[in-house]
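The primary structure of each chain is shown beneath.
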Amino acid sequence: MATSSSQTLALQRSSSEQNRSMEKLMTKIFSFYDEQSLIDVTFKVSNPTALVPAHRLILAAASPYFENLFNGNQGTNPVIEINDIDSNIFERLITFCYTGQVLITVNNVAAMLNAAIVLQLDDAKNHIVDYLMTRIDEYTLQGAYTLQLEMKCEHLKQKIIEYETQNFMEISRSDEFLNFDVEKLQRILVSDNLNITREEDAFDAIQRWYNCDVPARQEQLPLLIACLRLTQFNMDFLMTHIQPLPGCEVLTLRAVSWIREPTIRPMINMRFTEPRGVSATNCGEKTILALCSERNPKLLQYNKTEDKWEEYASIKIDYEGYRTILKDDNLLFIGGYNGATYNIVRCWNIRNKTWQNLPAMIEARREHCVVELNSEIYAIGGYDGNALSSVERYSTSDGWEFVDSLIDVRYNARTVTLNAEIYIMGGYKNNKQIKSVEWYNQDLETWTSRADMKICHSSPGVAAQAAAHKGHIYVVSRCGAERYDPQQDTWSQICSLAVGPGWMTCVSLDNKLWAIGGMSKSFDKSCVSVFDEENSCWIERCSLPKSDVYNGFVVPESLLSSM
């Protein structure tokens, strides 16, 4: 059994040393398998009958299927029969458990994938899917569709969507495209990475699909038109091509209003407002806006070229305890406190620096959390004389409405979205810091407990690094830093940041994790640091003139007006 001291030593070793040790270990294990040494289980597999020797510990570590099998009634038998997988396929997948490699051909890929799913070998399954998608011309796209339906393989489904997105123009001209169901088309059309040269290409594809069976698809047409970036069409196109389509009158009106009346945009329920490749992940050169102090805060802009901070705006606010969120071109200031707790929601436009009031929350809150998920805003927990567990959600169509409450009350926690889910971490309960973490699934509309953090963080900075850091969540505060793996539901400590008192935030810019705010212990100034993951250390950047940073936002440089 591993001790805490051995785990600590393992964490302190360099990644290169760990890699060398693991390579040496796996080479030795494979030699045992290759020489059939120390074998403790043999599988009798059919079609044709064959005996496949192996080691229980290796297979149990590689797959829940084998772990459950060996813990079951026949798990201690020296020979175990496998009747639903061909012997050749089974032996290749057993070899994968030792080597991480498997011999796949176009002819056996379907059988290999089915067996990998049965044996719960996720790494092998993903390897097989990747092989299939690189040979889609040989296997045919229709064959991949059929295989996905039969296997119900989520990884294959996502890879097919990626392929369709990248090759949309070619696929949209095929006969197969005309038989796509509306849900499949929606998944493709909403993608910010849809490979088209102009938005009219997507519209033309929808028209072709719709004209194939007008009576049956008339009700579904508005669902697809809503996936377009309607604000990128000129008004003449909207009125001539979109408005006459059945069920698309309201969509047209919203798009026209968005184009004509910039000041009312926060009140217009538009699903997409930016060009593809801009709104989601790829909106040109980006920079950071840091909101410093609570009352009458300064909004500081990071100048990447000169590595310095400059004042972008001074915002007049005479209360505190609010929480902020970036929504399109606006900062929303939600809740707050000034002798009494507020439920107000105010919108500050970044471009023209003007205020507008939005519908108030149902419940007054301060020191709560706010986060956006699928164009809806969530206000979570907080404080109003007592710690709160209630959660409410805002959409432009339904306003504010309560949803499932947190499992436990908390305030001064932090939230982040990752993989279309919400995580809330830490905070206070009964004036004591807590380590607990909860996870919200929007489809089920429920909160579930996840593994506790290792450290108590008071209002830590939080950032999700889904692309750059393999789907991990990073939590950073003056108390320490740690990383969460949602797949394993585990926390691990990373290099701590040498930072003193002061509020701080985290953002992800240029695939790097930035920690902003707090006083630097080493240089007695406000701290801005970037995490060097490869060397597991923090690199200091240009300091801020303010130590308390209440929030940070990554925005396109084009959003900011000239100073």
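Residues numbered from 1 in each chain as written. Predicted model: local features only at pLDDT ≥ 70, side-chain atom pairs only at ≥ 80, totals over all residues. Heavy atoms only, no water.

If you check an unreviewed UniProt entry, the protein chain appears there as Kelch-like protein diablo from Bactrocera dorsalis. Regarding the protein chain, the relevant UniProt record gives this comment under Pathway (unreviewed entry): "Protein modification; protein ubiquitination." What UniProt records for the protein chain under Function (unreviewed entry) is the sentence "Probable substrate-specific adapter of an E3 ubiquitin-protein ligase complex which mediates the ubiquitination and subsequent proteasomal degradation of target proteins. May have a role in synapse differentiation and growth." (UniProt positions renumbered as here; feature names shortened; annotations may be inferred.)

A. Summary view of the overall build of the protein chain. Along its length, the protein chain carries 17 helices and 29 strands. Seen through its principal axes, the protein chain has C-alpha atoms that stretch 80 × 70 × 45 Å. Burial statistics for the protein chain: of 563 residues in total, 47% are counted as buried. Look at the contacts in the protein chain between residues 6 or more apart in sequence, and 51% of them connect residues 24 or more apart. Per element, the accessible surface of the protein chain, about 27,200 Å² overall, is 47% carbon and sulfur. Averaging the coordinates of the 53 positive side-chain charges in the protein chain and doing the same for the 71 negative ones gives two points 5 Å apart. (Helix = DSSP H or I, 4+ residues; strand = E, 2+ residues; numbered from the N terminus. Buried < 20%, exposed > 50% of the residue type's maximum accessible area, 1.4 Å probe, protein only. Contact = heavy atoms within 4.5 Å. Areas by Shrake-Rupley, 256 points an atom, 1.4 Å probe, with all protein chains shown as cover. Lys, Arg positive; Asp, Glu negative; His and termini not counted. Charge placed at Lys NZ, Arg CZ, Asp CG, Glu CD.)

B. Broad picture of the pattern of salt bridges. Under the definition given, this model contains 25 salt bridges. Across the pair Lys-327 and Glu-372 runs a salt bridge, and its minimum N-O distance is 2.7 Å. Of this pair, Lys-327 sits in strand S7 (residues 323-327) while Glu-372 sits in strand S11 (residues 369-373); the two residues are 45 residues apart in sequence, bridging distant segments of the chain. For Glu-372, a relative accessible area of 27% corresponds to the partly exposed category. Each of the salt bridges in this network shares a partner with another, and the network as a whole consists of Arg-198, Glu-200, Asp-201 and Asp-204. (Salt bridge = Lys/Arg side-chain N within 4 Å of Asp/Glu carboxyl O.)

C. Representation of the nonpolar core. Counting residues in hydrophobic clusters, the biggest one holds 82 residues, and the most contacted among them are Phe-43, Phe-90, Leu-93, Ile-225 and Leu-230. Residue contributions to this core peak at seven residues, all from helix H5 (residues 87-99). Counting 17 residues, the second largest nonpolar core, distinct from the first, contains Leu-299, Ile-315, Tyr-319 and Phe-333. (Core = buried A, V, L, I, M, F, W, Y, C linked by side-chain atoms within 4.5 Å.)

D. Spotlight on the UniProt feature "domain: BTB" (unreviewed entry) in the protein chain. Listed under "domain: BTB" (unreviewed entry) in the UniProt record, and renumbered for this structure, are residues 39-106. For residues 39-106, helix accounts for 41% and strand for 21%, while the C-alpha atoms at its two ends are 32 Å apart.

E. Structural detail: the pairing of strand S24 (residues 490-493). Bridge analysis of strand S23 (residues 480-485) against S24 gives four bridges, and the strand direction is antiparallel. In the strand pairing of S24, Asp-485 is matched with Thr-490. Taking the residues that link successive antiparallel strands as the turn, the S23-S24 hairpin has four residues, and the phi of Asp-489 there is positive, at about 55°. (Pairing = 2+ DSSP bridges.)

F. Examining the sheet that holds strand S12 (residues 376-383) more closely. Taking strand neighbours across the sheet as the criterion, the four strands line up as S11-S12-S13-S14 in an open arrangement whose pairing is antiparallel. Looking at which strands have only one partner, the edges of the open sheet turn out to be S11 and strand S14 (399-403). In this sheet, neighbouring strand axes are inclined to one another by 25° on average, regardless of whether the strands run parallel or antiparallel. Across five bridges, strand S13 (residues 387-395) lies against S14 in antiparallel orientation. Counterpart to Tyr-394 in the pairing with S14 is Trp-400. (Axes fitted to C-alpha atoms, helices over the stretch in contact; angles between N-to-C directions.)

G. Quick peek at helix H16 (residues 235-242). Taken residue by residue, H16 has Phe-237, Leu-238 and Ile-242 as its buried positions. With its buried residues spanning 100° around the axis, H16 presents them on a single face. (Arc of directions from axis to C-beta.)

H. Region of interest: the sheet that holds strand S25 (residues 504-509). Strand order in the open sheet formed by four strands is S25-S26-S27-S28, and the pairing between neighbours is antiparallel. Looking at the sheet topology across the chains shown, the edges are occupied by S25 and strand S28 (537-540). In this sheet, adjacent strand axes meet at a mean angle of 30° when their direction is disregarded.

I. Highlighting the confidence of the model for the protein chain. Overall, the prediction assigns the protein chain a mean pLDDT of 85, with 90% of residues at 70 or greater. For the stretch residues 278-283, pLDDT sits under 50, and the model shows 11 contacts to residues farther than four places along the chain or on other chains. The model gives residues 465-469 a pLDDT under 50, and that stretch makes 16 contacts with residues more than four places away or in other chains. (pLDDT = per-residue confidence, 0-100.)

J. Spatial organisation of the pairing of S23. Taking burial as the measure, the six residues of S23 include five buried ones, the bulk of the element. By the bridge criterion, five bridges tie strand S22 (residues 472-477) to S23 in an arrangement that is antiparallel. Opposite Val-475, over in S23, you have Glu-482 as the bridge partner. Linking S22 to S23, which pair antiparallel, is a turn of two residues.

K. Just the packing of helix H7 (residues 122-134) against helix H10 (residues 154-166), in detail. It is at 10 Å that the axes of H7 and H10 come closest, and there the two elements cross at 25°. Classed by the angle they form, the pair H7 and H10 counts as roughly parallel. Crossing angle aside, the handedness with which H7 passes H10 is right-handed. For the pair H7 and H10, the contacting residues are Asn-126, Val-129, Asp-130, Leu-132 and Met-133 in the first and His-155, Leu-156, Lys-159, Ile-160 and Tyr-163 in the second. (Parallel < 35°, antiparallel > 145°, perpendicular 65-115°, else oblique. Left-handed = near helix turned anticlockwise from the far one by under 90°.)

L. Focus on empty space enclosed by the protein. One pass over the structure, following the stated rule, counts one cavity of 30 Å³ or more. In this structure, the largest cavity encloses a volume near 30 Å³. Looking at the lining of the largest cavity, its residues break down into seven nonpolar, no polar and no charged. (1 Å grid on protein atoms, 1.4 Å probe; cavity = no way out; pocket = protein on both sides within 12 Å on 5 of 7 lines; lining within 4 Å. Points joined across faces, edges and corners; volume = space filled by probe spheres on them. Nonpolar A, V, L, I, M, F, W, Y, C, P; charged D, E, K, R; others polar.)

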